[in-house]
Amino acid sequence: MASFSSNDHDLIPADADNTGRTKVTGRRTFLAGVIAVGASSLTGLKAHAQLVTATTTGTVSVSPTVSLPTVAQGIGPVTLAAPGTAVTLLDAAAHPKFREPLPNPLSAINRFVPSAGLTSYSLQIKEFNSNIGLVDGRNKPLTTVLWGYGTASQAPTSPARTFAVRSGSSIQVSYENLLLNDSGTPLPHRLPIDTTLMWANPGNLGGQAPVPLVAHRHGGSSVDTAADGLPDGWATPDTDRDGRPDFRGRLYSTPYVFNNMQEAGHLWFHDHALGVTRLNVSMGLAGNYLIRDANEDYLIERGMLPSHAHELPLMIQDRMFDATGKVYYPSSDLAIYPTAPAITHLPEFFGDFILVNGVPWPKCEVEPRAYRLRMLNASDSRFYDLKFQQADGSVLRFHQVGTELGLMDAPVALNHLLLAPGERADLVVNFAGLVNETISVRNSANVPFPNGAPVDPLTAGKIMTFRVTLPLNTGVRQPVLPVFLRPVLGTLPALQTAGVPRRKLMLYEGTDPLGRLQTMLGTVNPSVGNPANPAFGTFFYSDPVTEIMAAGSTEIWELHNTTVDAHPIHLHLVDFRILSRQPFTGTLLDKPMGPGGSTSGGYLTKVALSGAARPAEANEAGRKDTVITYPGEVTRLLVTFARPGEYVWHCHILSHEDHEMMRRFVVA
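Cut-offs and rules
Residues numbered from 1 in each chain as written. Predicted model: local features only at pLDDT ≥ 70, side-chain atom pairs only at ≥ 80, totals over all residues. Heavy atoms only, no water. 1 Å grid on protein atoms, 1.4 Å probe; cavity = no way out; pocket = protein on both sides within 12 Å on 5 of 7 lines; lining within 4 Å. Points joined across faces, edges and corners; volume = space filled by probe spheres on them. Helix = DSSP H or I, 4+ residues; strand = E, 2+ residues; numbered from the N terminus. Nonpolar A, V, L, I, M, F, W, Y, C, P; charged D, E, K, R; others polar. Pairing = 2+ DSSP bridges. Axes fitted to C-alpha atoms, helices over the stretch in contact; angles between N-to-C directions. Core = buried A, V, L, I, M, F, W, Y, C linked by side-chain atoms within 4.5 Å. Buried < 20%, exposed > 50% of the residue type's maximum accessible area, 1.4 Å probe, protein only.

J.: Where do I start with empty space enclosed by the protein in this structure?
T.: Empty pockets left among the atoms are what a rolling probe the size of a water molecule brings to light. Taken as a whole, this structure holds 7 cavities of 30 Å³ or more when the rule is applied. Computed from the structure, the largest cavity encloses a volume of approximately 80 Å³. As for the largest cavity, its lining consists of 12 residues, and the residues nearest its centre are L146, S158, Q317, R319 and L355. Looking at the lining of the largest cavity, the elements that each hand over two or more residues are α2 (277–282) and β9 (311–319). Across the lining of the largest cavity, the residue classes tally to 6 nonpolar, 5 polar and 1 charged.

J.: Honestly, the sheet that holds strand β33 (residues 645–651) in this entry has me stumped. Any pointers?
T.: The strands that make up a sheet are held in pairs by hydrogen bonds between backbone atoms, and each pair lies either parallel or antiparallel. Strand order across the open sheet formed by 5 strands is β25-β34-β33-β27-β31, with mixed pairing between neighbours. Each of the sheet's edge strands pairs with one partner strand only, and the pair in question is β25 (547–549) and β31 (626–629). Recorded for the sheet is a direction-independent mean angle of 20 degrees between the axes of neighbouring strands. Looking at chain direction, β33 and strand β34 (residues 662–667) are connected through 6 bridges and run antiparallel. Paired with Y647 across the strands is F665, a residue of β34.

J.: Please clarify how the nonpolar core should be interpreted in this entry.
T.: The nonpolar side chains of a soluble globular protein tend to be buried with one another. Counting residues in hydrophobic clusters, the biggest one holds 88 residues, and the most contacted among them are Y149, L373, M375, F388, F431 and F466. Ranked by size, the runner-up nonpolar core spans 31 residues in total, among them A445, W557, Y630 and I653.

J.: Is there a simple way to explain unusual backbone geometry in this structure?
T.: Note on backbone geometry: most residues besides glycine have negative phi, and most peptide bonds are trans. Omega for the peptide link from S158 to P159 comes to -5 degrees, which places this bond in the cis form. Tracing the sequence through the fold places P159 in the loop between β2 (144–150) and β3 (163–166). Cis geometry is adopted by the peptide bond preceding P450, which originates at F449 and carries an omega value of 5 degrees. Here P450 is to be found in the loop between β20 (438–443) and β21 (462–468). Even without glycine at this site, R241 takes up a positive phi of about 55 degrees. Position of R241 among the secondary structure elements: in the loop between β5 (215–218) and β6 (256–258). Assessed through its relative accessible area of 72%, R241 is described here as exposed.

Dropping the structure here:
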């Protein structure tokens, strides 16, 4: 692992007791202190830890449903706690688990129906009340206010209903922001907005209303960059009914056209409005988007992949709720930011309630056969290191067959799966021979990952259970995984790197003008010694573009992670292949940024490789759009930029991308 220092301190060990400590280990120290709070397991919650009220819960009788959490009309007024007001949180450790049934996003009730013809979808974004399975200390069901995507004929849900489309078949999708009350007035945000960040700020009003929204389809290829749902493509409601949102970002566009010219894969969509992505997604704005193709058909028809009722997308999210069931998102911590505004951005968010397909800690009844599980980490900051554990403690082995953007050449046998925010994995898990057994999905990823505190085994250490209680449907044959997964498509292209230009980039932790931790992206001077030069180093989102590529060109991106955490880096509207990861050392120099140099950015200089490169993990061998970059390592990607337009690349820890860990790039 690399060691880094601030100012002019060369190669100071990360745990040295000197000025390098503030840059590298100071953050780890205060995060560990926060996470040690216990049930909260939430960065920035120290000031509220004593407000967590334990509840005693027993059996609760709630009518089960296998549909996604949906609408119950009648929204009351929005009430936000005043800064510093005590908030009693719902106790995750004591809350009942594994009682609510898992909804299947692929069931008919949970799929979007076209609004017109067969290929046009008009989605409406609304607020609604839902009973997702939360109960209070007296076993009384709680109502949660959420935001969701719906249509004129389908009530909004969270997660959203699923798009299931064919490769090569275009669809048209429009999104309408209808976050309005009964009188047509824009609703304020349910969660506190930090207006000191670079954010959409509709009409420069600087307040909670109206709420800017934009839907980003994560992982899709599209001819038109305007269909990407970029952070500057946001819009507010149309209160004057002139056919246009009252306020719009500079890249606002409608409708979106998705031509789906790509292999079968697991895409997803979520809100991406500038500076408030973490809040809008926390309110429920996310959904699955699955593409099918002839190669997948071939495998299913020949009994090589599970399908239909034996295929389950699993969207995993962590959340916190107050004692009334409302979504809670922390906005102050006097222990680490005593002089910050009353509402402030915090470094990360780690919720203590785990939702799968919108339900806290669900159960799923399965047959004793193989199932295809389409895993998605849709959390803010939390990584998951997942295993399938039997009652006797043994771990059930499984196979990964695909990455985010398609099937790999061959199945990969695993006994655990590491999944970063934004990543997806296509798994086949076989429950044959396990009749009447319960398989628990467990998580062991530290927070932050990988060097933070252990996950709380009573809360976020538990994900869901599979109960092998359904009778085997003998009318459907048991699938047998093939040795080769791409009989129609052919093998994935060989990794050709000879003569490919390299672009050196960096991940960095600095401080903003208020003294808060600020994660940033930047460039590394490729000259000998990587000397400091204003044309390189860290940059703000709003700074001029530094990554400009020719359409059709291919580059090797070398991502140097100088921070103490792993970061999932996502590139919009491209797919890439992971080449390798390699330890390195270097020197960090300060780069004062912003008015009066009030932001502490940095340069990475004197880069030296310090160990052998290792290839991508076996289960990363396919096409990807999100990659884990580990601390102290350079991660190399082979990227082709097929389509002209403006895009962004960013950390998919939502709290990080909202606080400057995002940059634009242009393909011309």
